[in-house]
Amino acid sequence: MKKLSLLIFSLIPLVASASNDVTQLEGSFKVGPAIILIFILSLFILVGLLFRAKDTTDYYAAGRRISRVGSGMAIASNWMSAASFLGMAALMYGTGYHGLSYVVGWTGGYVLLLILMAGQIRRYGKYTAADFIGDRYYSKTLRTIGAVIAILISIAYAVGQFGGIGLMFKWVMGIEYNLAVIIGGSVVLAYTLISGMLGVTKNMQIQYVIIISSFMIPLFLLTYKFDYFWLVPQIGYGSAVQDIVEGIQISEKSGLMNSLGHHFAIVPSPEYAMPWDPSTGQTFFQWMAIAFSLMIGTAGLPHVIQRFYVVPKARDARWSVVWGLFFICLLYWSAPVYSALGTILSANPEVGKLSPDAIVVYTAQLGNINPLIVGLLAAGGVSAAFSTTSGLLVAGSSAFAHDLYVKVINPMARPKTQMKVARIGTLLMAVIITVIAMVDLALIAQLVAIAFSMAGCTIFPLFLLGIWWSGSNRAGAKAGLIVGGTVTLISLTYLVGARAGWTLPYNDFITYYLGAWYFAWIGAPLAIAANIIVSKLTDETPLEIRQFLIEKVHS
């Protein structure tokens, strides 16, 4: 520790000397932030080596020995992805009040998990989401389909994270976006391959501390500097919104300027605080559909569900959700502040509309915050993307190795072979994610929302009915998957078609009511209904499964 402290203090003069570079919004290599970033990434790899997976239990479920608070921190870190750290402020910067639907949906999803699933999932005692599906619905076919869905969801979710990693590496290093994605993705792949779930979970605990401290420190400084209630920035945010709505005259805060020398002023923008005003381009239906889809999608994400298998007991699983919600809310209550201050600081026409996905870092820069702290903020964004991406890679590779290879293809595989297959699956996923991330499909939070709707239409109905209704059987599960999968396929076809310039029938109707960010609002209820109807019309669930649910899961 003494040597580590000496190293850190020796770097401070070099970091401080980089201030001129940091104040440039684009295009330059920033020495200070680069040093911070390299130090943090080296720390992640070191932790991965110290806590590397020694067997399959370590790789899939962290040896099932993570504490409640530690698991809560890991849940929060795993959850607070680039979509949370960068994406929420980006959405509110671009759409104002409408962006709060993402905050409501994502937070509400954990409440749903706490009430309906956390303890029951742990008591069921499996490793992965597909493991539960295959066992509960007594079907190798459903296990295979569940594993494929888990992999697809993990890929869809991780694309947004790789995008966030690329943006931050681009900002720090001044390199081209695609190269930034490749470099950042290679680092997260390296330490995930080494560590598995055990090392990833230990890293997530460290990453949470980095994420929340790097996110909160600039807020205290920004709200203090621009004369808002800085002791609790989340309260000061209300005054900032009022200033956006009513406007700020130059004379009112004449001594305050952004880092480019522009006065702290903005013309009245009442649409910023209007939830479904025509000028925002959003409607009440879309707000509610997004919130609902994200809520049920949260309860169906494979990498979130898998976190409940790393604690010793069911009670620990419930408490880990409580701690996770507390840690998550610290960041979620704070993200809107960046969007409000960023809107004011970038209001001058000379600044122009900034890249929404980088507005958190740009706000700190325009607020003339110390370069060292801006660099820490960028490193926090990378940590957020890394923590979620590593969890997704482990969840996807576990589905590939445990559920497809071991349970379906080669049941006699030795643990060493399983580990090898898991690492091959991780590598393949990382390559696919990197290629897709290089295509500019949407904002980070919107890309992530696709994964949530996919999970809400497919995995959530299987877990909800599988846990709480013993009458749900194999045929019903297949019917529900067909219906939910069909809705998913239609929505994604129209999304890809829109990007490719295709002319598809009923385009306006489908893109509005089955938008790629919220199609689970209808897909999930239809899948649940199909499951119930078909289950009622077919053979009853086997007695041993109904008995296990009563005695073990709901005891």
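Residues numbered from 1 in each chain as written. Predicted model: local features only at pLDDT ≥ 70, side-chain atom pairs only at ≥ 80, totals over all residues. Heavy atoms only, no water.

Right, let's talk about unusual backbone geometry for a bit. With a phi close to 60°, Asn368 is a non-glycine residue in the positive phi region. One can find Asn368 in the loop between α17 (359-366) and α18 (371-409). Positive phi, normally seen in glycine, also occurs at Tyr506, with a value near 55°. When you line up the elements, Tyr506 lands in the loop between α21 (474-500) and α22 (507-513). (Helix = DSSP H or I, 4+ residues; strand = E, 2+ residues; numbered from the N terminus.)

Packing of helix α3 (residues 31-50) against α18 leaves a shortest axis separation of 8 Å and a crossing angle of 35°. Along this stretch, α3 crosses α18, giving a crossing that reads as right-handed. Residue-level inspection shows Pro33, Ile36, Leu37, Ile40, Leu41 and Phe44 of α3 in contact with α18, the latter providing Leu372, Gly375, Leu376, Ala379, Val382, Ser383 and Phe386. Of the residues contributing to the contact of α3 with α18, the split by class is 11 nonpolar, two polar and no charged. (Axes fitted to C-alpha atoms, helices over the stretch in contact; angles between N-to-C directions. Left-handed = near helix turned anticlockwise from the far one by under 90°. Contact = heavy atoms within 4.5 Å. Nonpolar A, V, L, I, M, F, W, Y, C, P; charged D, E, K, R; others polar.)

This paragraph deals with the confidence of the model for the chain. As a general rule, the predicted coordinates of low-pLDDT regions are not to be interpreted in detail. When pLDDT is averaged across the chain, the result is 81; 86% of the residues are at 70 or more. For the chain, the element scoring lowest by mean pLDDT is helix α1 (residues 2-16), at 36; helix α23 (residues 520-537) scores highest, at 97. Of the regions scoring below 50 in pLDDT, residues 1-24 engages in 25 contacts with residues more than four places distant in sequence or in other chains. In the predicted structure, residues 60-64 sits below a pLDDT of 50 and forms 27 contacts with residues beyond four places in sequence or in another chain. (pLDDT = per-residue confidence, 0-100.)

We now examine a nonpolar patch on the surface. Together, Phe220, Tyr224, Phe229, Trp230, Leu231, Val232 and Ile235 make up a nonpolar patch on the protein surface, roughly 690 Å² of accessible area in all. Considering the arrangement of structural elements, one finds Phe220 in helix α11 (residues 177-225). Taking relative accessible area as the criterion, Phe220 reaches 31% and is therefore assigned partly exposed. (Patch = residues over 30% accessible without salt bridge, like charges linked within 9 Å, V, L, I, M, F, W, Y side chains within 5 Å. Areas by Shrake-Rupley, 256 points an atom, 1.4 Å probe, with all protein chains shown as cover. Salt bridge = Lys/Arg side-chain N within 4 Å of Asp/Glu carboxyl O. Buried < 20%, exposed > 50% of the residue type's maximum accessible area, 1.4 Å probe, protein only.)

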